Amino acid sequence: MPTRPAWSLTGLRIDYQVATPRLAKRAVKAWVERAATHGERWSDHAPVTAVYEL
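Conventions used here
Residues numbered from 1 in each chain as written. Predicted model: local features only at pLDDT ≥ 70, side-chain atom pairs only at ≥ 80, totals over all residues. Heavy atoms only, no water. Helix = DSSP H or I, 4+ residues; strand = E, 2+ residues; numbered from the N terminus. Buried < 20%, exposed > 50% of the residue type's maximum accessible area, 1.4 Å probe, protein only. Areas by Shrake-Rupley, 256 points an atom, 1.4 Å probe, with all protein chains shown as cover. Patch = residues over 30% accessible without salt bridge, like charges linked within 9 Å, V, L, I, M, F, W, Y side chains within 5 Å. Salt bridge = Lys/Arg side-chain N within 4 Å of Asp/Glu carboxyl O. Contact = heavy atoms within 4.5 Å. pLDDT = per-residue confidence, 0-100.

Student: Give a detailed account of the overall build of the chain, specifying residues and quantitative values.
Tutor: In terms of helices and strands, the chain carries one helix and four strands. Along the chain, helices (α) and strands (β) appear in the sequence β-α-β-β-β when read from the amino end. Residue burial in the chain is summarised as follows: out of 54 residues, 9% are buried. Roughly 4,600 Å² of accessible area belongs to the chain as shown, and the carbon and sulfur atoms make up 57% of that amount.

And the structure:
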């Protein structure tokens, strides 16, 4: 079976940020949180962090 790099998004369940249209206009940055290696993954979820300018 082929191995995937630890940083691959394949097989991860990426979580979401939900915002109203008004708040979404204030989003300035967002990223998917990922462990550096497969062994350091805490689960198959990949939290999303978003920064909003309020």
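And the narrative resumes.
Student: Tell me about a nonpolar patch on the surface, and please be specific about residues and values.
Tutor: A contiguous nonpolar surface patch, about 230 Å² in accessible area, is contributed by Val28, Trp31 and Val51. Relative to the helices and strands, Trp31 is located in strand S2 (residues 27–32).

Student: Mind laying out the environment of Val28, listing which residues take part and the relevant values?
Tutor: Counting through the fold element by element, Val28 comes out in strand S2. For Val28 and Tyr52, which are 24 residues apart along the polypeptide, the C-alpha to C-alpha distance reads 5.6 Å. In this structure, Val28 is in contact with Val51, Tyr52 and Glu53, ignoring residues within four places of it in sequence.

Student: Account for the confidence of the model for the chain, naming residues and giving values.
Tutor: Averaged over the chain, the pLDDT score is 80; the fraction of residues at 70 or greater is 78%. By mean pLDDT, the top-scoring element of the chain is helix H1 (residues 21–24) (97), and the lowest-scoring one is strand S1 (residues 13–14) (74).

Student: How would you summarise the environment of Trp42 if you had to cite specific residues and measurements?
Tutor: With respect to the element layout, Trp42 can be found in the loop between S2 and strand S3 (45–46). Residues in contact with Trp42, not counting those within four places in the same chain, are Ala35 and Pro47.

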